Structures are given as C-alpha cells and as structure tokens.
Amino acid sequence: MLCAAAVLAATTLSGCDSAPAVGGTARQVTVVGTGEVQGVPDTLTAEVGVEVVAPDVTSAMDQASERQQAVTDQLAARGIDAGDISTTSVNLQPQYGENSVITGYRASNSIRVTLRELDAASETMALVVAAGGNATRIDSVSYSIEDDSALVSDARARAFNDARSRAEQYAELSGLSLGTVLSISEAPGGAELPRPMPMPQGAMAAAAPVPLQPGEQTVSFSVTAAWELT
C-alpha cells in the first residue's frame, strides 16, 4: 500500500470557520488514496523452444525445425488457436572446440503460446514436452487476466473512496468540513502477478503433467485528490 500523503494548503485559519483564508487562498486538503483488488488469472503464457546440436548447419536446422513442428502440431491437436502461437526467436550458432575449430552447430527455435483453458494447461504442457523430446526447452510460464477492466474499475473506486475518507478525517481534525473536489489525478498501480516460473529443460520422463497453480493477481490503483475545506 502506498503511504498516504496529505498536505494542508498553507493558510491561516481564523477563529471563525466561515471566515475567508488569509490572502484569499482557498483552504484545501490534498491526499493520496490507494485501492487494490484480487482476481484469479484466466490465461497462461508459456515460452517454449527446442534446441539441437548437430555436426553441420543443415542437420541442426532440420532437426530443430522438425522438433518445433512437432510441438506446434501437438498444440494444434489440443485445439490451441493459431493466433495464440507466435515465433519469438530463431537462432543458429557455431560451436567451437580447441584452436577455435568449429565442431558443430547449435540451432534453436522458440515460440510463445497462450493457453486459455487453465484446467487443461498441465496436460498440454506435458504433451508439449513429449512432442519436443530431449530438445525441449521451456523457459517460463506466466499468468494474466485477459480482461481486467472490471478489476481496474473496482480498484479505482476503492482508491477514490480511500482518498475521500482520508480527506474527511483531515477536515474533521482541522475543525472544518469537506467541500467541493478541486482536482483528481490517477496513477494506475498495475497488476502484481506471480513471477514467471522457470521450467526444467529437456523432456520429462513419461511426460507427467506439469504442476501449475495460477494463484491470484492483484490490481492496484492510486488517486491523488484535492478538496476544498469550508
């Protein structure tokens, strides 16, 4: 939670609450309110790749392409939409031995895949590993909420209500009343997600289901608002 910042405008309050402020400056209070809500992620994004080392360029590229195609075919067979699968990198690097002599080539392909049926995500990831075999590389998985607009709206409302509650308290402590809102500015706090989880490299024995837990996502919001004090 962000620390509340409250600043009373520099004024000299008279003995009578209704008297105007010195120099015509309006009495006001400015506060920062925060709000946050939690939601359960409904989307998993995985960074999946294959990596092959072979004696020559052609073999390395062919084997990497074959393994990556097997992974892509398995995802398609699971009903994953083509729009949820995208290539993120294609690499080919020579491998050197003694005296800088090239001993082979390392080829790798990587894709980003979005899984929207989380109940089946563990089984899907296990099938991906099986399809890629020992060449499989799973760099990470991360969760998100595809449409968090409702959470953001809720967090914004909570932040404003928090700001108003703080302002009312300062008004009461000052012996005044909260008047008209003078200004509002917002600063989305963003979403706090579970950190991406690195996955083991290489194929898993018997391609057992990968244990996956989505946890919760926290959406936070911050609002700075100023009210007139009367």
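Summary of the structure given here. None of the values given here were measured: they were computed from a predicted structure.

Digging into the overall build of the protein chain
A tally of helices and strands in the protein chain yields 3 helices and 8 strands. Mapped in sequence order, the helices and strands of the protein chain form the string β-β-β-α-β-β-α-β-α-β-β. Taken across its 230 residues, the protein chain has 36% of its residues classed as buried. Partitioning the intrachain contacts of the protein chain with sequence separation of at least 6 by distance along the chain shows that 81% fall at a separation of at least 24. For the protein chain, the exposed area adds up to about 12,600 Å²; of that, 50% sits on carbon and sulfur atoms.

Overview of helix 1 (residues 57-77)
Relative to the 30 Å expected for 21 residues at 1.5 Å per residue, helix 1 spans 30 Å between its end C-alpha atoms, a close match to the ideal helical length. Looking at helix 1, one finds that the buried residues are Ala60, Ala64, Gln68, Val71 and Leu75. The buried residues of helix 1 occupy an angular sector of 50° when the element is viewed end-on, so they sit on one face. Every exposed residue of helix 1 that faces more than 90 degrees away from the buried side is listed here: Thr58 and Ala77. Against the buried residues of helix 1 lie strand 3 (43-54), strand 4 (85-96), strand 5 (102-115) and helix 2 (121-132). Its side-chain oxygen placed 3.2 Å from the backbone nitrogen of threonine 58, aspartate 56 serves as the N-cap of helix 1. Once helix 1 ends, the next one or two residues include glycine 79, with phi positive near 90°.

Points about the layout of surface pockets
The computed volume of the largest pocket comes to approximately 180 Å³. Arg78, Gly79, Ile80, Asp81, Asp84, Thr114, Leu115, Arg116, Glu117, Ala120 and Thr124 are the residues that line the largest pocket.

Concerning the nonpolar core
Leu44, Val48, Val71, Leu75, Val113 and Met125 are the most contacted members of the largest nonpolar core, which totals 27 residues. If you list the elements that add at least two residues to this core, you get strand 3, helix 1, strand 5, helix 2 and strand 6 (136-144). The element that contributes the greatest number of residues to this core is strand 3, accounting for 6 residues.

Things to note about the packing of aromatic side chains
The final tally for this structure, using the stated rule, is 1 aromatic pair. Geometrically, the ring pair formed by phenylalanine 160 and tryptophan 227 is tilted, given 5.7 Å between the ring centres and 40° between the ring planes. With phenylalanine 160 in helix 3 (residues 149-173) and tryptophan 227 in strand 8 (residues 217-229), the pair connects residues that are 67 residues apart, well separated along the chain. Since its relative accessible area comes to 22%, phenylalanine 160 is described here as partly exposed.

Some points on the packing of helix 1 against helix 2
Packed helices, taken two at a time, are described by the angle between their axes plus the distance between the axes. Where helix 1 meets helix 2, the axes come as close as 8 Å, and the angle between the chain directions of the two elements is 150°. Comparing their axes, helix 2 and helix 1 come out roughly antiparallel. Considering how the two elements wind past one another, helix 1 and helix 2 form a crossing that is right-handed. From helix 1, Arg67, Ala70, Val71, Gln74 and Leu75 reach across to helix 2, where they touch Thr124, Leu127, Val128, Ala131 and Gly132.

A look at the pairing of strand 4
Here strand 4 pairs with strand 5 via 11 bridges, running antiparallel. Looking across to strand 5, one finds that glutamine 95 is bridged to glycine 104. The antiparallel pairing of strand 4 with strand 5 creates a hairpin that spans 5 residues between the two strands, and asparagine 99 there sits at a positive phi of about 60°.

Thresholds, definitions, all that
Residues numbered from 1 in each chain as written. Predicted model: local features only at pLDDT ≥ 70, side-chain atom pairs only at ≥ 80, totals over all residues. Heavy atoms only, no water. Helix = DSSP H or I, 4+ residues; strand = E, 2+ residues; numbered from the N terminus. Buried < 20%, exposed > 50% of the residue type's maximum accessible area, 1.4 Å probe, protein only. Contact = heavy atoms within 4.5 Å. Areas by Shrake-Rupley, 256 points an atom, 1.4 Å probe, with all protein chains shown as cover. Expected span 1.5 Å × (residues − 1). Arc of directions from axis to C-beta. Polar contact = N/O pair within 3.5 Å; in protein donor to acceptor, adjacent residues only side chain to side chain. 1 Å grid on protein atoms, 1.4 Å probe; cavity = no way out; pocket = protein on both sides within 12 Å on 5 of 7 lines; lining within 4 Å. Points joined across faces, edges and corners; volume = space filled by probe spheres on them. Core = buried A, V, L, I, M, F, W, Y, C linked by side-chain atoms within 4.5 Å. Phe/Tyr/Trp six-rings, centres within 6.5 Å; stacked < 30°, edge-to-face > 60°. Axes fitted to C-alpha atoms, helices over the stretch in contact; angles between N-to-C directions. Parallel < 35°, antiparallel > 145°, perpendicular 65-115°, else oblique. Left-handed = near helix turned anticlockwise from the far one by under 90°. Pairing = 2+ DSSP bridges.

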